[in-house]
Amino acid sequence: MTTDTTGTAARDGEPRRGGPADSPFVRACRREPGPHTPVWFMRQAGRSLPEYRDIRANVPMLDSCRRPELVREITLQPVRRHGVDAAILFSDIVVPVAAAGVDLDIVPGTGPVVAEPVRTAADVARINPIGRDEVSYVDEAVRLLVAELGDTPLIGFAGAPFTLASYLVEGGPSRTHAKTKALMYGDPDLWHALCARLAEVTLAFLRVQVDAGVSAVQLFDSWAGALSEADYRRYVLPHSAHVLAGLADAGVPRIHFGVGTAELLGAMGEAGADVVGVDWRTPLDVATRRIGPDRAVQGNLDPAVLLAPWPVVEAEVRRILDEGRATPGHVFNLGHGVLPETDPEVLTRVVALVHELSARPAA
Ligand code: CP3
């Protein structure tokens, strides 16, 4: 077996064994059998880890995303500690938007805050295209990580146009997305122009990560669940589809995730995903009936369950693995990100339990 880390090239027409492209995670994304159900956690790099809090103590969030050595270290922390099946690049969905010239900050305890929310066509026109030069720190961090991770895949990511637009129009996090919807319904042309711009920024950001060597990408449309299916299809799907189609030739699985998306799961798959992320509200066997047999699923333990006594966690992990057996491919994850108050030891135990319960004898 060769240890070539690209894992994608073929010698004498034979796919190479080993490398991240042959990892349990990438195999599950492709709906191929593997040695066990792979597991990683959204927000696995972050405030649940004391080593993260230490290293971030005096560094603002956006600064930390622009320092490749720091990104490398923070991305590796959960891989070392938990033995997860994939690393996810430490960054944030607003990093490419800031690189495109939007004046914003990530405020601790609040999230992204935009200095001048988008209201007009002139505001949209000020969102510049980006390329490798504007996010060279991301290119560099991915290259450092890919060299160090060996057979462990690195997941790249970006925010989808709707979720990014929501931050830009609201000026910060919102429960109702009222200003966003007011723009969407009130000025559809401006809405589509904004989303088309953001789709280009997102696609370029993901391309930089793919070119630097990530093994999969996840498009986060965290707040898409605020929309009806009809409005999602009309106002959002074409823009997310543009991003996902732009990566069709990249040779890496595309994961598409949102929260509260029970009614949107089919449409989110149709947007061009290989894997659809499912939150804890929809059992995976039900989700897969909505998504269809041609896509894998990712999820879906309620992050709050990790705060419960261990027997509750164990029972939920077993249930989700059982429901996952009814799907064409299952990547174990949470239904949303790790809560900061989570005991990291519980995360480590969940990884071991998923591996143990799902272990399949070698073919
Ligand atoms: O998953 C990972 O481990 C990789 C890192 C990652 C971060 N943000 C780091 C981060 C990823 C994948 C994201 C994506 C992201 N950012 C999303 C989509 C995922 C989701 O949660 O739905 C969204 C909506 C954002 C916007 C954002 N950035 C929020 C809501 C917050 C939290 C604000 C807070 O302090 O509670 C951030 C900041 C942020 N991004 C932190 C981290 C680790 C916390 C910053 C800190 O440590 O001070």
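About the thresholds
Per chain, residues are indexed from 1 in the order of the written sequence. Under the rules for a predicted model, residues below a pLDDT of 70 receive no local features and side-chain atom pairs below 80 are neither given nor counted, while totals for whole chains, interfaces and linings still include all residues. The side-chain values count all of the structure's non-hydrogen atoms but skip hydrogen atoms and water molecules. Any two strands are treated as partners once DSSP identifies two or more bridges connecting them. What counts as a helix is a DSSP run of H or I of at least four residues, what counts as a strand is a run of E of at least two, and both are numbered from the N terminus. One heavy atom within 4 Å of a molecule or strand makes the whole residue count as near it. Whenever two N or O atoms come within 3.5 Å, that pair is a polar contact, provided that in protein one can donate a hydrogen and the other can accept it, and provided that, for residues adjacent in sequence, both atoms are side-chain atoms. Three residue categories are used. Nonpolar comprises Ala, Val, Leu, Ile, Met, Phe, Trp, Tyr, Cys and Pro, charged comprises Asp, Glu, Lys and Arg, and polar comprises the others, including Gly. Like-charged residues within 9 Å of one another, or nonpolar side chains (Val, Leu, Ile, Met, Phe, Trp, Tyr) within 5 Å, are grouped into patches, provided each residue has over 30% relative accessible area and no salt bridge. The Shrake-Rupley method, run with a 1.4 Å probe sphere, supplies the accessible areas, and residue values consider only the shown protein chains as cover. Salt bridges are identified by distance alone: a Lys or Arg side-chain nitrogen within 4 Å of an Asp or Glu carboxyl oxygen. The charge count includes Lys and Arg as positive and Asp and Glu as negative, but it does not include His or the ends of the chains. By convention, charge coordinates are those of NZ in Lys, CZ in Arg, CG in Asp, or CD in Glu. Per-residue accessibility, obtained with a 1.4 Å probe over protein chains only, is compared with the maximum for each type, and a residue is labelled buried under 20%, exposed over 50%, and partly exposed between these values. The criterion used for residue contact is that any of the two residues' heavy atoms lie within 4.5 Å. The aromatic pairing rule takes the rings of Phe, Tyr and Trp, using the six-membered ring of Trp, and pairs them if the centres are within 6.5 Å, calling planes under 30 degrees apart stacked, those over 60 edge-to-face and the rest tilted. Look at NZ for Lys and CZ for Arg. If either is within 6 Å of the ring centre and within 35 degrees of the ring normal, a charge sits over the ring.

1. Overview of the sheet that holds strand β7 (residues 216–220)
Here is step 1: Pairing is parallel across the open sheet formed by seven strands, whose spatial order is β3-β6-β7-β8-β9-β10-β11. Looking at which strands have only one partner, the edges of the open sheet turn out to be β3 (87–88) and β11 (330–334).
Here is step 2: Pairing between β7 and strand β8 (residues 254–257): four bridges, direction parallel. Bridged to Phe 220 within β8 is Phe 257.

2. Remarks on the site of the ligand
Here is step 1: Neighbouring the ligand are 26 residues, the closest being Arg 43, Tyr 52, Asp 92, Ser 222 and His 336.
Here is step 2: In this structure, an oxygen atom belonging to the ligand sits 2.6 Å away from a side-chain N or O atom of Tyr 52.
Here is step 3: One of the backbone N or O atoms of Gly 109 is found 2.8 Å from an oxygen atom in the ligand.
Here is step 4: Looking at the shell around the ligand, the elements with two or more residues in it are α2 (50–56) and β5 (111–114).
Here is step 5: Residue classes in the shell around the ligand are distributed as 15 nonpolar, seven polar and four charged.

3. Brief notes about a negative patch on the surface
Here is step 1: A grouping of Asp 63, Asp 103, Asp 105 and Glu 116 is seen on the molecular surface, where their side chains present a negatively charged patch.
Here is step 2: When you line up the elements, Asp 63 lands in helix α3 (residues 61–65).
Here is step 3: Relative accessible area serves as the criterion here: at 35%, Asp 63 is assigned to the partly exposed category.

4. A look at the side chain of Asp 221
Here is step 1: As for its placement among the helices and strands, Asp 221 is situated in the loop between β7 and α11 (229–245).
Here is step 2: Buried charge without a salt bridge: Asp 221, with Lys 181 as the nearest opposite-charge side chain at an N-O distance of 12 Å.
Here is step 3: Apart from residues no more than four positions distant in its own chain, Asp 221 is found in contact with Ala 160, Phe 162, Thr 163, Tyr 232, Val 236, Ser 240, His 256, Phe 257, Gly 258, Val 259 and Met 268.

5. Examining the pattern of salt bridges
Here is step 1: Inspection of every chain in the model, using the stated rule, returns 19 salt bridges.
Here is step 2: Salt-bridge contacts for Arg 126 lead to Asp 123; the nearest nitrogen and oxygen are separated by 2.4 Å.
Here is step 3: The partner of Arg 207 in a salt bridge is Asp 249, and the shortest N-O contact between them spans 2.6 Å. Of the two residues, Arg 207 sits in helix α10 (residues 188–212) while Asp 249 sits in the loop between α11 and β8, which places them 42 residues apart along the sequence.

6. Regarding the packing of aromatic side chains
Here is step 1: According to the stated counting rule, one finds five aromatic pairs in the structure shown.
Here is step 2: With a centroid separation of 5.8 Å and an interplanar angle of 90°, the aromatic rings of Tyr 185 and Tyr 235 are classed as edge-to-face. Of this pair, Tyr 185 sits in helix α9 (residues 178–186) while Tyr 235 sits in helix α11, and the two are 50 residues apart along the sequence.
Here is step 3: Of the residues examined, Tyr 185 reaches a relative accessible area of 43% and is grouped as partly exposed.
Here is step 4: Residue Tyr 235 is classed as buried on the basis of its relative accessible area of 5%.
Here is step 5: In textbook terms, an aromatic cluster arises when at least three aromatic residues are bridged by ring pairs, as seen for Phe 157, Phe 220 and Phe 257.
Here is step 6: Cation over ring: Arg 349 sits above Trp 310, and NZ or CZ is 4.0 Å from the ring centre.

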